[in-house]
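The residues making up each chain are set out below.
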Amino acid sequence: MPQPDRKEPATHFGYREVPESAKDGLVSGVFHSVAGKYDLMNDLMSLGIHRLWKQFATEASGVRAGFRVLDVAGGTGDMAARFALRVGWRGQVVLADINRSMLEVGRTRLADQGYAGNIAFVQANAENLPFPDDHFDRVSIAFGLRNVTHIDRALASMFRVLKPGGSLLVLEFSRPTISGLNRLYDAYSFNILPWLGRVIAKDEGSYRYLAESIRKHPDQQALQTMMEQAGFERVEFFNLSGGIVALHRGYKY
Ligand code: SAM
């Protein structure tokens with residue numbers, strides 16, 4: 001594991017401190033390793049509930065026929081597929097992800113499911129999106145933001161490519177709001193998740209990182225403030241499953 005040195009700012013990778021320049025590579029390692037089993041693991045870990053969270057985000061996006069939508073950190077394409085059904089043949093969905101393995105699994109999976117023509121796949125870092133200013137009607141990032149090295153830069157980049165009048169949807173793990181849920185949730189996250197990772201994905205460490213990265217991510221209020229600082233207005237959030245996950249939505253004017 002790379003150690004922070006005094007000349008370079010440090011960041012977190014799960015509970016470990018690492019040099020900022022190392023984080024993208026470490027996160028990449030996680031997703032290269034889990035890409036093949038990613039969808040199966042999502043269903044097992046959440047008992048399929050991640051589909052409801054994603055459906056809620058899709059409904060809240062207001063995506064309509066003809067829209068141009070960017071799904072950042074789109075991975076294996078769950079959100080992109082939902083958006084593609086809504087934008088229809090006149091619209092377009094761009095799935096951007098930093099990780100080639102996740103993009104390859106996503107491209108094959110969506111082609112197998114019959115999605116064609118209105119989804120493009122782009123390898124890109126959320127912090128530096130290679131798209132023009134004011135380009136997309138909607139931008140979403142689902143379970144991706146906690147993995148980026150500089151959340152503020154990713155929010156600024158997504159703000160830049162969004163059209164005035166458009167909105168950003170951030171779906172991410174957050175802080176449980178129901179008392180008593182925390183202890184149960186911790187026991188599940190730090191015991192069952194790594195165990196599932198070991199048995200199914202043959203990678204315990206990546207699923208330990210998942211549990212740790214969730215704890216390091218800003219809570220509902222903190223993320224709302226960061227979105228406002230990036231320029232988003234009317235920022236609000238919706239707690240899902242007792243705050244285990246939150247959907248944040250903010251507009252660019
Ligand atoms: N959005 C998908 C979903 O909801 O199933 C995938 C989420 S997966 C937990 C996180 C994704 O974020 C991975 O595909 C990973 O490659 C991607 N990612 C991590 N850091 C990124 C970055 N800096 N820029 C773009 N994508 C990134």
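A brief structural summary. All figures in this text were calculated on a predicted structure; none of them were measured in a lab. (Residues numbered from 1 in each chain as written. Predicted model: local features only at pLDDT ≥ 70, side-chain atom pairs only at ≥ 80, totals over all residues. Heavy atoms only, no water.)

### Points about the overall build of the protein chain
How we decide: By the criteria applied, helices consist of DSSP H or I runs no shorter than four residues and strands consist of E runs no shorter than two, each listed in order from the N terminus. In this description the radius of gyration comes from C-alpha coordinates, and the expected globular size is given by 2.2 Å times residues to the power 0.38. Only protein chains enter the accessibility calculation, which uses a 1.4 Å probe; a residue whose area is less than 20% of its type maximum is buried, one above 50% is exposed, and one in between is partly exposed. Here a residue-residue contact requires only that any non-hydrogen atoms of the pair lie within 4.5 Å. All accessible-area figures derive from a Shrake-Rupley calculation using a 1.4 Å probe, and residue coverage is judged against the displayed protein chains alone. By the counting scheme adopted, Arg and Lys are positive, Glu and Asp are negative, and His together with the chain ends is not counted. The atoms used to mark charge sites are NZ of Lys, CZ of Arg, CG of Asp and CD of Glu.
Scanning the protein chain from N- to C-terminus turns up 9 helices and 9 strands. Over its C-alpha trace the protein chain gives a radius of gyration of 17 Å, about what one expects of a compact globule, namely 18 Å for 253 residues. Judged by the C-alpha coordinates and their principal axes, the protein chain covers about 45 × 40 × 40 Å. When each of the 253 residues of the protein chain is scored for burial, the buried share is 54%. Once local pairs closer than 6 in sequence are excluded, the contacts in the protein chain between residues at least 24 apart make up 69%. Accessible surface for the protein chain amounts to roughly 11,600 Å². Of this, 53% is attributable to carbon and sulfur atoms. Across the protein chain, 30 positive and 27 negative side-chain charges occur, with their mean positions spaced 3 Å apart.

### Here we look at empty space enclosed by the protein
To keep it simple, the criterion reads: Computed over the protein atoms alone on a 1 Å grid, cavities are sets of points where a 1.4 Å probe fits but cannot get out and pockets are open sets with protein on both sides within 12 Å along at least five of seven lines; a residue lines them when it has an atom within 4 Å of a point. Grid points are joined across faces, edges and corners, and a volume is the space filled by probe spheres set on the points.
On inspection of all chains with the given rule, the structure shows 1 cavity of 30 Å³ or more. Around the largest cavity, the lining is made up of 26 residues, and of these Ala-73, Asp-97, Phe-143, Gly-144 and Asn-147 lie nearest the centre. Those elements that place two or more of their residues in the lining of the largest cavity are α1 (20-34), α4 (78-87) and β4 (92-97). Broken down by element, the lining of the largest cavity gets its largest block of residues, 3 residues, from α1.

### As for the site of the ligand
As a reminder of what qualifies: The cutoff for a nearby residue is simple: one of its non-hydrogen atoms must lie within 4 Å of the molecule or strand. Side-chain atoms alone can form a polar contact between residues adjacent in sequence; in general such a contact is a pair of N or O atoms within 3.5 Å, and within protein one must be able to donate a hydrogen while the other accepts it. Being in a pocket or cavity means that more than half of the molecule's atoms lie within 2 Å of its grid points. Asp, Glu, Lys and Arg are counted as charged, while Ala, Val, Leu, Ile, Met, Phe, Trp, Tyr, Cys and Pro are counted as nonpolar; the rest, among them Gly, fall into the polar class.
Neighbouring the ligand are 19 residues, the closest being Tyr-38, Ala-73, Asp-97, Ala-126 and Ala-142. Backbone polar atom of Ala-142 to a nitrogen atom of the ligand: 2.8 Å apart, as the coordinates give it. Calculation on the ligand without its partners gives an accessible area of 590 Å², and the protein chains cover 98% of this total. Among the detected pockets, the ligand sits in the largest cavity. Of all elements in the fold, only α1 and α2 (38-46) reach the threshold of two or more residues within the shell around the ligand. Of the residues that constitute the shell around the ligand, the class distribution is 11 nonpolar, 6 polar and 2 charged.

### Examining the pattern of salt bridges
Here is the rule: Here, a salt bridge means any Lys or Arg side-chain nitrogen found within 4 Å of an Asp or Glu carboxyl oxygen.
Throughout the structure, instances matching the rule amount to 15 salt bridges. For Glu-172, the salt bridge identified is with Arg-146, shortest N-O distance 2.6 Å. Placement of Glu-172 in strand β7 (residues 162-173) and of Arg-146 in the loop between β6 (136-142) and α6 (151-161) is noted, with a sequence separation of 26 residues between them. For the residue pair Glu-172 and Arg-146, the accessibility class agrees, reading buried in each case. Residues Glu-204 and Arg-198 are paired through a salt bridge, measuring 2.9 Å at the closest nitrogen-oxygen approach.

### Comments concerning the packing of aromatic side chains
The description of an aromatic ring pair rests on the distance of the ring centres and on the angle between the ring planes. Spelled out, the test is: Aromatic rings from Phe, Tyr and Trp, with only the six-membered ring used for Trp, were paired whenever their centres fell within 6.5 Å, and each pair was classed as stacked if the ring planes differed by under 30 degrees, edge-to-face if by over 60, and tilted otherwise. In this analysis the charged atom, NZ for Lys or CZ for Arg, is taken to sit over a ring once it is within 6 Å of the ring centre and within 35 degrees of the ring normal.
In the structure shown here, the tally under the stated rule is 9 aromatic pairs. Judged by centre distance (6.1 Å) and plane angle (45 degrees), the ring pair of Trp-53 and Phe-143 falls under tilted. Of this pair, Trp-53 sits in helix α3 (residues 49-61) while Phe-143 sits in the loop between β6 and α6, placing them 90 residues apart in sequence. Here Trp-53 and Phe-143 have matching classes, each one buried. Look at Phe-131 and Phe-136: their rings are 5.3 Å apart centre to centre, the planes differ by 90 degrees, and that puts the pair in the edge-to-face class. Among the residues examined, Phe-131 registers a relative accessible area of 13% and is labelled buried. The ring of Tyr-185 has Arg-215 sitting right over it, with the charged end atom 4.8 Å from the ring centre.

### Things to note about the layout of surface pockets
Considering only enclosed or pocket space, the largest pocket measures out at about 610 Å³ in volume. Looking at the largest pocket, it is lined by 28 residues, and the ones nearest its centre are Met-45, Ser-46, Trp-53, Phe-173 and Tyr-188. Only α1, α2, α3, α7 (181-201) and α8 (204-216) provide two or more residues apiece to the lining of the largest pocket. Broken down by element, the lining of the largest pocket gets its largest block of residues, 6 residues, from α7. Classifying every residue of the lining of the largest pocket gives 20 nonpolar, 7 polar and 1 charged.

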